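A look at the structure
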Amino acid sequence: MAVTNSAGKLQNPFSTSISGGTVPAANVIVDVGSWADALEPRKTPILSRAKKLGAVEHMKHEWGQSYHRAITGTIGEALDNSETDLTFSSGEGKLIQPWHVIRVIDWVSGSTTRLDYSTAEEIVIKAHDGSDTSSVVQRGAGGTSAVSHSSGAYFEVIGVAMPYNTDFNLSPTVRGDRLYNYSQRFYGMAGADEIARHEPDYENKTDILLADLKEETMLQKFFLEQALVKGGRQVGDAANTTTTGSTSVPFKTGGIDYFITNHSGRVVNMGGATLSAYSLEDILADMYKEIDDGGAMTLMMSVNTSRIFDTLLNPIRQATVSDSSVNLVLDKIKFRWGTVDIQPTRHLDDGSILFVDFANIGYYPRKGGDWKTKQLSTDGPYDKTAIWGEFGVKVDKVTRMAQLWNFNTDLAAYPLNAITQRPMA
């Protein structure tokens, strides 16, 4: 039976009672041969894929996020076939400048994703002051016909057509945002009696303090990876005390999930529907239209979600079979917009897929706060050693990333693999 040492109690293998000068059998050191270095290894594959950045000097770290200027939007009011004042949806008039040529297209009746190209009309903008209303110099430009359009019709800027003998006008400009995060302090401590450190037991043949500290170090790095993926940003109380049980609020670093959810602008709620290849393709196609070919190319998901992918996306092939092995794992999916790879992780909940770009994800130490050990003072014949570090997370170019969530996670809703016919959990 495994024994877990309570927090605050020193590692001590000495017997607490000896009757008649005999050491209790439970305290006799037994040689059990080689022992596993770690029965539960703490692997951190996400931490390995993220970049380790240079140290920062401040608790609050800021960086910039730029944007492409949008060139698509919707009109805010119905437009008949002769009107010369065009109203854009709230805030979208800022995208327009004089002599822009826009193409207005209505949606197919009952749809918000399919366009009715038979209604396409080119319109040339004349006067414009940055408001959501513009005057029009020409309806039915470029060989198209002036037609009526519904409120909410789609428009795209397809160019500028500046007449001769006119002045230049300022173009719309996008400046971007400043993002920020806080650093978070991680720590663990191991302690042992000074003499006990030199007395091996069945699991640790050498220094039990160093063995415990090694295991604690792996655990703290695992906690850092958890914060990197799903940590929530929180400003702390700068007046933290050293009193155990203090009610002061700690600083916490926001993770990948936090920044994509709050700053990507591309979070899709599937409303409990089952996943399909088209669910992913829609997001990738949307990103391609806005940011060309710079979108996220890794799908990060829970282990159970990755099991859905193993049987979902290629039911015809079902497996790669050789004389001695069968491969049921799907690692990459090729779309028209690029090839994405699948990264399972234990840190995400079922029902969420993050479209991430690890080239723009990193974690940074606070200056002087990279992983280090510290010998702690004591008043008795024992030693205490702490492992600690202070780190923050930076998610750059987050508009290139996305989230797909709230889809059906019941494996029974997805097709069985014909080779294994495994029961669905």
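Look up: the structure comes first, before these words.
This one's a predicted model, so the numbers in the text were calculated from it and none came from an experiment. (Residues numbered from 1 in each chain as written. Predicted model: local features only at pLDDT ≥ 70, side-chain atom pairs only at ≥ 80, totals over all residues. Heavy atoms only, no water.)

With respect to the overall build of the protein chain
For the protein chain, the helix and strand inventory stands at five helices and 21 strands. Contacts spanning at least 24 positions in sequence make up 75% of the contacts within the protein chain whose residues lie at least 6 apart. (Helix = DSSP H or I, 4+ residues; strand = E, 2+ residues; numbered from the N terminus. Contact = heavy atoms within 4.5 Å.)

Regarding the side chain of T305
Counting through the fold element by element, T305 comes out in helix 5 (residues 303-312). Owing to a relative accessible area of 1%, T305 belongs among the buried residues under this scheme. Residues contacting T305, with those up to four places away along its chain left out, are L275, D350, G351, I353 and F407. (Buried < 20%, exposed > 50% of the residue type's maximum accessible area, 1.4 Å probe, protein only.)

Considerations on the nonpolar core
Counting residues in each nonpolar core, the largest one holds 49 residues, and the members touching the most others are I353 and F355. For this core, the element with the most residues is helix 4 (residues 277-291), which contributes five residues. Each residue touching F355, except ones within four places of it in the same chain, is listed here: I260, L280, I283, L284, M287, A296, T298, L299, M401, A402, Q403 and L404. V104, I125, V136 and F155 belong to the second-largest nonpolar core, a separate cluster that totals 14 residues. (Core = buried A, V, L, I, M, F, W, Y, C linked by side-chain atoms within 4.5 Å.)

Digging into a nonpolar patch on the surface
There is a patch of nonpolar side chains on the surface, built from V160, M162 and F168 and spanning about 350 Å² of accessible area. Checked against the element boundaries, F168 lands in the loop between strand 8 (154-160) and strand 9 (177-182). (Patch = residues over 30% accessible without salt bridge, like charges linked within 9 Å, V, L, I, M, F, W, Y side chains within 5 Å. Areas by Shrake-Rupley, 256 points an atom, 1.4 Å probe, with all protein chains shown as cover. Salt bridge = Lys/Arg side-chain N within 4 Å of Asp/Glu carboxyl O.)

Here we look at helix 4
With 15 residues, helix 4 extends 21 Å from end C-alpha to end C-alpha; this agrees with the ideal 21 Å at 1.5 Å per step. If you check which residues of helix 4 are buried, you get S279, L280, I283, L284, A285, M287 and I291. (Expected span 1.5 Å × (residues − 1).)

Focus on the packing of aromatic side chains
Applying the stated criterion across every chain, the model contains nine aromatic pairs. Chaining the aromatic ring pairs together yields one cluster made of F186, Y363, W371 and F391. (Phe/Tyr/Trp six-rings, centres within 6.5 Å; stacked < 30°, edge-to-face > 60°.)

A short note on the sheet that holds strand 6 (residues 115-125)
Pairing within the open sheet is antiparallel, and its six strands lie in the order 3-8-5-6-7-4. Bordering the open sheet on either side are strand 3 (72-74) and strand 4 (85-87), each of which pairs with just one other strand. Direction aside, neighbouring strands of the sheet carry axes that sit 45° apart on average. (Pairing = 2+ DSSP bridges. Axes fitted to C-alpha atoms, helices over the stretch in contact; angles between N-to-C directions.)

Remarks on the pairing of strand 16 (residues 338-344)
Two elements, strand 12 (residues 298-301) and strand 16, share four bridges in a ladder whose sense is parallel. Residue pairing across strands places M301 opposite P344, the latter belonging to strand 16. Linking strand 15 (residues 332-335) to strand 16, which pair antiparallel, is a turn of two residues.

Examining the pattern of salt bridges
Summed over all chains, the structure comprises 11 salt bridges. One salt bridge connects E121 with R139, and the closest N-O pair in it is separated by 2.7 Å. Linking E121 in strand 6 with R139 in strand 7 (residues 133-141), this pair joins segments that are 18 residues apart in sequence. The pair formed by E121 and R139 is uniform in burial state, with each residue classed as buried. R197 serves as the salt-bridge partner of D383, at 2.7 Å between the closest nitrogen and oxygen.

A look at the sheet that holds strand 15
Across the sheet, six strands lie side by side as 11-21-17-12-16-15; this open sheet has mixed pairing. On the outer flanks of this sheet lie strand 11 (267-269) and strand 15, each paired with one strand and no other. Averaged over neighbouring strand pairs, the angle between their axes works out to 20° when direction is ignored. On the sheet, helix 4 packs against strand 11, strand 12, strand 15, strand 16, strand 17 (352-356) and strand 21 (402-405) and is oriented at approximately 155° with respect to strand 21.

Things to note about unusual backbone geometry
Trans is the common state for peptide bonds, and a negative phi is the common state for residues other than glycine. Phi at N165 takes a positive value of approximately 60°, unusual for a residue other than glycine. Its location among the elements puts N165 in the loop between strand 8 and strand 9. Its relative accessible area of 83% is what places N165 among the exposed residues.

Remarks on helix 3 (residues 256-263)
I256, D257, F259 and I260 are the residues of helix 3 that are buried. At the C-terminal side of helix 3, G265 shows a positive phi close to 75°.

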